[in-house]
Amino acid sequence: MERLRVVIVDDEPLAIRGLELELKRIAGVEVVGTAADGQTGLDLIHELTPDIALLDVQMPRLDGLQMADALAAGDAPAIIFVTAYGHFAVAAFELNAVDYVLKPINLARLRAAIERARTRLEQTTAAQRAAELSTVLEALRRDPANPYDRADVSRSLWLSDARGRRRLLMSSIDWLEAQRDYVRIHTDTQSYVQRGTLADLSRKLDPGQFLRVHRSAIVNLEALTGIERRGWGLVAARLRSGVEVPVGRSYLAELRERLRQTGVTSIRGQG
């Protein structure tokens with residue numbers, strides 16, 4: 001097998017770009033397609049039938065493990081998970097069915113994973129890889145020590161910046177603000193800027209904890225202390241940090257209902 005055809009699936013554009021750049025530095029590898037969500041990624045893999053699929057473990061709606069589940073039902077490519085968890089999928093490595101690389105990507109580790117995948121492709125059939133992948137995923141589901149805990153993921157948000165990846169607890173977020181092609185995530189002490197749209201980032205948030213109150217703002221309901229009228233029909237959401245976030249008229253009814261459920265029933269202020 002002279003050239004390996006690779007598909008990358010990751011919901012972070014910068015992560016995709018980083019993997020593309022690193023893979024260009026590995027001889028005999030060609031990136032034939034990329035996708036920013038799991039379902040599009042599955043469609044792309046079925047269409048292009050790549051040799052290797054690099055799958056981000058943590059994605060909204062359809063994540064890397066769920067994609068692998070779907071791929072295990074057919075002709076599976078060699079799977080390499082991309083993850084922020086350093087001790088992820090130990091059972092999988094023992095069975096030699098899949099591999100993983102950590103974010104931020106290390107070229108030597110990525111090169112080793114690609115070469116391992118090449119060996120698997122040369123030594124096994126697609127049906128064998130699919131069967132082995134099913135075994136690995138079942139072992140991961142049964143393992144109580146498996147660090148990939150969806151409840152834990154729902155409590156955290158992984159951010160990317162020039163220094164790599166960092167974990168931000170959902171409970172520490174006060175609100176999120178759209179700024180053109182970026183989103184600024186505000187805590188009570190600092191803020192973080194992430195490339196993307198508010199709609200994309202909102203898919204990673206717990207809808208029971210976060211609520212959109214404006215076309216350019218989402219607030220953490222746990223950080224909300226009330227809503228204030230500011231005259232001329234304007235309303236603001238008051239946060240525990242003292243910040244006031246504008247509330248759009250079309251979002252006000254749902255905000256009032258959610259506040260009523262938490263025991264805050266009145267709108268204070270003038271107007």
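Everything numeric in this text was worked out from a predicted model, so none of it was measured.

Enquirer: For this particular structure, what's the right way to read the pairing of strand β14 (residues 235-239)?
Expert: Regular strands place their side chains on alternate faces of the sheet. A large share of β14 lies buried, amounting to five of its five residues. Residues of β14 alternate between two faces, with V235, A237 and L239 on one and A236 and R238 on the opposite face, all of them buried. Counting the residues that bridge the hairpin from strand β13 (residues 224-230) to β14 gives four residues, and of these G231 lies at a positive phi of roughly 85 degrees. Both β14 and strand β15 (residues 244-247) contribute to a ladder of four bridges, which runs antiparallel. Opposite R238, over in β15, you have E244 as the bridge partner. Hairpin connection of β14 to β15: four residues between the antiparallel strands, including G242 at a positive phi of 95 degrees.

Enquirer: I tried to follow the nonpolar core on my own but got confused; where do I start?
Expert: Note on soluble globular proteins: their nonpolar side chains tend to be buried together. V9, I45, L55, M67, I79, F81 and L133 are the most contacted members of the largest nonpolar core, which has 26 residues in total. For this core, the secondary structure elements donating two or more residues are β1 (4-9), α2 (38-48), β3 (52-56), α3 (64-71), β4 (78-83), β5 (98-102) and α6 (126-142). L4, I16, L23 and A113 belong to the second largest nonpolar core, which has 20 residues in total.

Enquirer: I would appreciate a short explanation of the sheet that holds β5 in the present structure.
Expert: Adjacent strands of a sheet form backbone hydrogen bonds with each other and so pair up, either parallel or antiparallel. The five strands are arranged β2-β1-β3-β4-β5 in an open sheet whose pairing can be described as parallel. Every other strand in the sheet has two partners, leaving β2 (29-35) and β5 as the edge strands with one partner each. For this sheet, the mean angle separating the axes of adjacent strands, direction not counted, is 25 degrees. In this structure, β3 lies alongside β4, joined through five bridges in parallel fashion. Pairing of D56 across the sheet is with V82, part of β4. Against the sheet, α3 touches β1, β3 and β4, its axis set at about 145 degrees to β3.

Enquirer: Teacher, can you tell me more about the sheet that holds strand β11 (residues 210-214) here?
Expert: Spatially, five strands are ordered β10-β9-β8-β12-β11 in an open sheet, and the strand pairing comes out antiparallel. Looking at which strands have only one partner, the edges of the open sheet turn out to be β10 (191-195) and β11. Adjacent strand axes in the sheet meet at a mean angle of 20 degrees, parallel and antiparallel pairs treated alike. Two elements, strand β8 (residues 173-179) and strand β12 (residues 217-220), share three bridges in a ladder whose sense is antiparallel. Bridge pairing in β12 links E177 to A217.

Enquirer: How do you make sense of helix α1 (residues 13-24) when you look at a structure like this?
Expert: Along an α-helix, residues three or four positions apart point the same way, because every turn accommodates 3.6 residues. Its 12 residues give α1 an end-to-end C-alpha distance of 17 Å, which sits within 8% of 16 Å, the value for a rise of 1.5 Å per residue. At its buried positions, α1 is contacted by β1, β2, β3, β4 and α5 (107-123).

Enquirer: What's the story with α2 in this structure? I'm lost.
Expert: The complete set of buried residues in α2 reads G38, G41, L42, L44, I45 and L48. End-on view of α2: buried residues confined to an arc of 165 degrees, all on one side of the axis. Set apart from the buried face of α2 by more than 90 degrees, the exposed residues are H46 and E47. For α2, the capping residue at the N-terminal end is D37, with a side-chain oxygen 3.2 Å from the backbone nitrogen of Q39. In the stretch just after α2, T49 is the one whose phi turns positive, near 45 degrees.

Enquirer: Would you explain the environment of E22 in this entry?
Expert: Locating E22 in the fold gives a position in helix α1. What makes E22 buried here is its relative accessible area of 16%. Sequence-wise, E22 and N106 are 84 residues apart; in three dimensions their C-alpha atoms are separated by 8.5 Å.

Enquirer: Mind showing me how you'd approach the environment of E254 here?
Expert: Considering the arrangement of structural elements, one finds E254 in helix α9 (residues 249-261). Expressed as a C-alpha distance, the spacing of E254 and L211, which sit 43 residues apart in the sequence, is 8.8 Å.

The rules behind the values
- Residues numbered from 1 in each chain as written.
- Predicted model: local features only at pLDDT ≥ 70, side-chain atom pairs only at ≥ 80, totals over all residues.
- Heavy atoms only, no water.
- Buried < 20%, exposed > 50% of the residue type's maximum accessible area, 1.4 Å probe, protein only.
- Helix = DSSP H or I, 4+ residues; strand = E, 2+ residues; numbered from the N terminus.
- Pairing = 2+ DSSP bridges.
- Core = buried A, V, L, I, M, F, W, Y, C linked by side-chain atoms within 4.5 Å.
- Axes fitted to C-alpha atoms, helices over the stretch in contact; angles between N-to-C directions.
- Contact = heavy atoms within 4.5 Å.
- Expected span 1.5 Å × (residues − 1).
- Arc of directions from axis to C-beta.
- Polar contact = N/O pair within 3.5 Å; in protein donor to acceptor, adjacent residues only side chain to side chain.

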